[in-house]
Amino acid sequence: MKKKKLLPWYTISILLTILGAISIVLLFGVYFYNDSGIVFWSILLAWITILLAASIEIGRQEKLRRIIEEEKDKLIKKLSEVEKK
């Protein structure tokens with residue numbers, strides 16, 4: 001049985017951020033070739049919102065990972081002390 005390699009936890013967030021950045025650049029191109037500025041700015045505002053939410057989620061997950069790592073280290077230290085006794 002082959003072990004499946006899991007992607008890092010932040011992969012989807014990074015891909016979403018890259019997609020948003022590419023879309024914003026493409027939308028600037030559309031803006032210069034199209035006269036409907038309201039549509040462009042609506043799409044731009046939507047992507048800015050999505051990118052901010054993705055960035056906040058990345059930060060939240062990273063903070064949670066650090067807290068879990070600290071708790072794990074404390075628990076390992078406590079268990080190794082109990083085992084020595």
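Our subject is the structure listed above.
Notes on the structure follow. The shown structure was predicted, so the numbers you read here are calculated from the model rather than taken from an experiment.

**Considerations on the overall build of the chain**
Each helix and strand counted, the chain has two helices and zero strands in total. The proportion of buried residues among the 85 residues of the chain is 14%. Carbon and sulfur atoms make up 69% of the accessible area of the chain, which totals about 7800 Å².

**Quick look at the pattern of salt bridges**
By the definition in use, this model includes four salt bridges. In this structure, R65 and E62 form a salt bridge, with 2.5 Å as the shortest nitrogen-oxygen distance. Here R65 and its partner E62 are both found in helix α2 (residues 37–84), three residues apart, which amounts to about one turn of the helix. Of the residues examined, R65 reaches a relative accessible area of 33% and is grouped as partly exposed. A salt bridge links D73 to K72, with the shortest nitrogen-to-oxygen separation between them at 3.9 Å. Looking at K72, the relative accessible area reads 40%, which means it is partly exposed. Residues joined by salt bridges that share partners form a network here, namely E62, R65, R66 and E69.

**Some remarks on the environment of L51**
In this structure, L51 sits in helix α2. Note on L51: relative accessible area 16%, which makes it buried. Placed 37 residues apart in sequence, L51 and I14 show a C-alpha to C-alpha distance of 9.8 Å. If we ignore the near neighbours within four places in the chain, the residues touching L51 are L16, T17, G20, A21 and I24.

**Describing the nonpolar core**
Within the largest apolar cluster, five residues are counted, these being I24, L27, L44, W47 and L51. Within the residue set of this core, elements represented by two or more residues are α1 (11–33) and α2. With three residues, α2 is the largest single contributor of residues to this core. In this structure L44 touches I24 and L27, once residues within four positions along its chain are discounted.

Cut-offs applied
Residues numbered from 1 in each chain as written. Predicted model: local features only at pLDDT ≥ 70, side-chain atom pairs only at ≥ 80, totals over all residues. Heavy atoms only, no water. Helix = DSSP H or I, 4+ residues; strand = E, 2+ residues; numbered from the N terminus. Buried < 20%, exposed > 50% of the residue type's maximum accessible area, 1.4 Å probe, protein only. Areas by Shrake-Rupley, 256 points an atom, 1.4 Å probe, with all protein chains shown as cover. Salt bridge = Lys/Arg side-chain N within 4 Å of Asp/Glu carboxyl O. Contact = heavy atoms within 4.5 Å. Core = buried A, V, L, I, M, F, W, Y, C linked by side-chain atoms within 4.5 Å.

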